[in-house]
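Residues per chain, in single letters:
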Amino acid sequence: MSRQASYQDSPWAQFSGPNLGYVMELYEQYLKDPDNVDPEMRAAFDQWGAPATAKQVETTEGQADVSFQMPATHNRLSKLVAAVKFADNIRTYGHLIADINPIRRKEKNTRRLELSEYNLTEQDLKQIPASFISPNAPSNLKDGLDAINHLKEVYTKKLAFEYNHVHELDERNWLQQKIEESGYYAGLSKERKINLFTRLAEVEGFEKFIHRTFVGQKRFSVEGLETLIPLMDEVISLAVETGTRTVNIGMAHRGRLNVLAHVLQKPYKLIFSEFQQAPNKELIPSEGSIGITYGWTGDVKYHLGADRKLKRGTTATTRITLANNPSHLEVINPIVDGFTRAAQEDRNVQGYPKQDLDNCLAIVVHGDAAFPGEGIVQETLNMGRLKGYNTGGSIHIIANNMIGFTTESSDSRSTLYASDVAKGFEIPIVHVNADDPEAVLAASVLAHEYRQAFHKDFIIDLVGYRRFGHNEMDEPMVTNPLMYNIIKNHPTSKEVYAEKLVQEGLLTKEEIDKVDKEVQSNLQKAYDNLPKVNGNPDIVMNPPKNVVKKLPKINTSVNIDDLETINRELITWPEDFNVFPRLERILKRRSDVITEKGRIDWAHAEALAFGSILKDGTPLRMTGQDSQRGTFAQRNLVLHDIKTGEEYIPMHHLSGANSSFALYNSSLTEGGVVGFEYGYNVFAPETLVIWEAQFGDFANMAQVYFDQFIASGRAKWGQKSGLIMLLPHGYEGQGPEHSSGRVERFLQSAAENNWIVANLSNAAQYFHILRRQAAILNKEEVKPLVIMTPKSLLRHPLASVEVKELTEGSFKSVIEQPGLGESYDAVERIALCSGKIAIDLEEQLKDEKDVDWLHILRVEELYPFPKKEIADIISRYPNLKEIVWVQEEPKNMGGWLHVISYIREIRPEGVDIKYEGRRRRSSPAEGDPTAHRKAQSRIVQSVFTKSE
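Just so it is clear, the structure is predicted and the values come from calculations on it, not from any experiment.

## Examining the sheet that holds strand β27 (residues 829-833)
Read across the sheet, five strands follow the order β26-β28-β27-β30-β31 without closing on themselves; strand pairing throughout is mixed. If you trace the sheet from one side to the other, it starts and ends with β26 (814-816) and β31 (912-918), each paired once. Mean inter-strand twist for the sheet, computed between neighbouring axes without regard to direction, equals 25 degrees.

## Considering the nonpolar core
Core analysis: the biggest nonpolar cluster contains 121 residues, and Phe706 and Trp755 have the highest contact counts within it. If you tally residues by element for this core, the top one is helix α24 (residues 602-615), at eight residues. Excluding its chain neighbours within four sequence positions, the residues that come into contact with Phe706 are Val674, Trp691, Ala699, Ala711, Met725, Phe746 and Trp755. By size, the runner-up hydrophobic cluster in this structure holds 100 residues, among which are Leu120, Tyr185, Phe272 and Ala526.

## Some remarks on the domain arrangement of the chain
For interface size, the figure often reported is the accessible area lost on association. Annotation of the chain at the domain level lists domain 1 (7-48), domain 2 (221-510), domain 3 (560-808) and domain 4 (818-944). On a C-alpha basis, the centroid separation for the pair domain 2 and domain 4 is 52 Å.

## Thoughts on the packing of helix α10 (residues 228-241) against helix α17 (residues 437-454)
Two numbers describe how α10 lies on α17: the axes approach to 9 Å, and their chain directions differ by 35 degrees. Read as a crossing pair, α10 and α17 show a hand that is right-handed. Listed contacts from α17 to Pro230, Leu231, Glu234, Val235, Leu238 and Ala239 of α10 are Val440, Leu441, Ser444, Val445 and His448.

## Some words on α10
With 14 residues, α10 extends 20 Å between its outermost C-alpha atoms, agreeing within 8% with the 20 Å of an ideal straight helix rising 1.5 Å per residue. Here α10 lies mainly inside the structure; eleven of its 14 residues are buried. For α10, the set of buried residues is Leu228, Ile229, Pro230, Leu231, Met232, Glu234, Val235, Ile236, Leu238, Ala239 and Val240. Immediately downstream of α10, the backbone of Gly243 shows phi near 95 degrees, a positive value.

Reading the values: rules and limits
Each chain has its residues counted from 1, following the order in which its sequence is written. Only residues with pLDDT of at least 70 get local features here, since the model is predicted, and only at 80 or more are side-chain atom pairs given and counted; chain-wide, interface and lining totals rely on the full set of residues. Heavy atoms throughout the structure, all of them, feed into the side-chain values; hydrogens and water do not. The rule for pairing is simple: two strands pair if DSSP sees at least two bridges between them. Going along the chain from the N terminus, every DSSP run of H or I of four or more residues is numbered as a helix, and every run of E of two or more is numbered as a strand. The convention used is that axes are lines fitted to C-alpha atoms, helices contributing only their stretch in contact, and that angles between N-to-C directions extend from 0 to 180 degrees. Definition used in this section: a nonpolar core is a set of buried Ala, Val, Leu, Ile, Met, Phe, Trp, Tyr and Cys residues joined via side-chain atoms within 4.5 Å. Summary of the burial criterion: residues with accessible area below 20% of their type's maximum are buried, those above 50% are exposed, and those between are partly exposed, where the area comes from a 1.4 Å probe applied to protein chains only. Contacts: residue pairs with any heavy atoms within 4.5 Å of one another. Boundaries of every domain are those given by an automatic assignment or by a domain database. We call a crossing left-handed when the near helix sits turned anticlockwise from the far one by less than a right angle, and right-handed when that turn is clockwise. Multiply 1.5 Å by the residue count of a helix minus one, and that product is the helix's expected span.

In structure tokens:
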């Protein structure tokens, strides 16, 4: 409603002159005490507000915020409104003029926070109660002027707050109260201030010692953000005090060595040994104090992680971890969240795991260029409040040195602050000047208290600078001369704080010098005690024997009675639960399959495998886009009542199962979810963790996790994983992007028994490989499992199996085609293939005659390649002339480039090797269905065409 319409409709339109003046006097009485006004007038004031005149006009002249319309003629009410708006603008815009940048004192626009913009005077504010301006202000404030000055103090100094984007009223009120009453941080005692100074001396001294001792070596110094270490100290200390049993830290390389040394307490001499180019593994401390593991190839020192156990009281301990993290700066974020979710959950229960959000906390340190620049940040933030991924909020620290490599902020982001991308997720933000250690600790207290109260993310934007170049061999004056002329003359955080303590009379210059000398003495002693550099390092770097040895023989069959019980319970639900009729018919068809010797399709075999794994005592977690139903409507393990929408999960009601089963539909992201599930599995190694891509090519978006963690994590860091990745793969004419799971990429990284890559052709194989993976989770031989899962084969009769293949069989790395290869002397060609093409060949075989010259082998496990098994089969055929590798993928994709070297090793002398498949292509498949069918037919026919 417009102001003019409001006036015309109100009762005030009939008043003018003295009568209007009388009504206005009544209104002032009403403001003081509504009960002193006649009930009829009180009702009018309640409904229509202040008396107004038709001549009153609106103006924005001289005003800081045009959304706030001041009348040209002022009365007491308009002064109150102006004062409230002034206070709100301080809360909303105070951060714009706050003293949060240690090195840049550029002129700031203070217009929104000037009295004159609101047509207010100090005398006007003095007539307003302090509580009217700030209900949470300290009680010693006398009036509105004191309250406004107090708000300026708390919103525009070394701490600056942004929470206007938080829509939950309870959270906003809580934040406003905490900030304005300043009760979240009561200040530091003399002892704590001196301890804080000592910590800064240790942080700075460590960096300076390395700088002069290991000249020119990279360390990615924390200098310019030294207060990052006491900030993390404080958050961890508060978490431990409130009962947190695990703290997981993720960060990139800047400042990492200092965090390792002081937060994780990695011994100085161990860090120094790594600077000598040959880490001395004999220096690793014993179990219980700190866990530092190396793989057989190792990694650079500023990528390594560590574990520390911190005593709390007399019995309880808190585990602190710093996750290993390679150079893709922010990719560690979802992994640390996965660690945290795993640590929070009790999986020894039926149904979903029981989660305790206070049991574990994640601290994630970001770079100011990477936070808005790398999309994995937004992916992870989006996952933060989803039921499958919620960890009760992480404390995010942006280690803001205002530069990325050589790129300044104006060229690296389109936002005012590095933290702005988090506003869409309604995450509160505190900007803090990194040169004020006490303000930094105050920010950590507020972050911890907010997370405790609301179990949501919180961001601390720690604004500092980078004292040296991107690394210590880089000269920043070449590219950033203006910034580094300022930094060159700027005192360190320790020096700034030392001067403050001297002025407060808490320390003398002599005491400061003594602390510095003690720090350097401790560092020198650690260096002097280093053993001699190992002049003969391990350059072969062979993996341990327990890594490369074959998997043990594992019985993965299931007793038919147990299988029948699982099957029956999986198609049972409460009588009053209304399953979609068509789905009910499909599921009920499974009821007699086991007892009447029917056939079991892919999804049915999967369900039986899952049920048997749970009954064996192994928890199971599976996520993916639409994985509850399955991309191809094949799974349906979560049932929905068509009348109420309620869910029922039969897997939660299996008799005798005391392990959790979690199946979640993920957000529409691959990188974030793969990272999360990898982290979950690393932290919960006893749990069978499965990620499923909607289509195999979607894995492209998670390639960094396959390359830098899943394939190589054990070699670099000794970090084991048994994660399963399901990638739908197969050529059915669906075009380039929904045909290939890019199996060649996984095979290219296959080495040192680092993972298993399988392309299966029937449901029994899937059943047994799932059960085998569950059985090796807690063994040294555990490794990730990549499965190219089917699409058209999900319901294909030739991919379904009889129940005896589940109750009697086991996983076979090679399957011989039934009906072929029986006449040993006649076989001249052996065709090797993998996955769906094997079913295409079997279909064609029904129409072929006189094929005793041909044998077909299905290579179900592409890596480790079953060389011995295939060689044993080949040795039966004395007249073999050629071995043909058959695939539906282009020649530069699929398995060909991987298997060719193995085939060369095992082929008998004089036997040719041939390739049948699509020619080399830049795109993985045809876009035209007709072209696809013709190409597929040509490949299949070529196998059955005898060479001249």
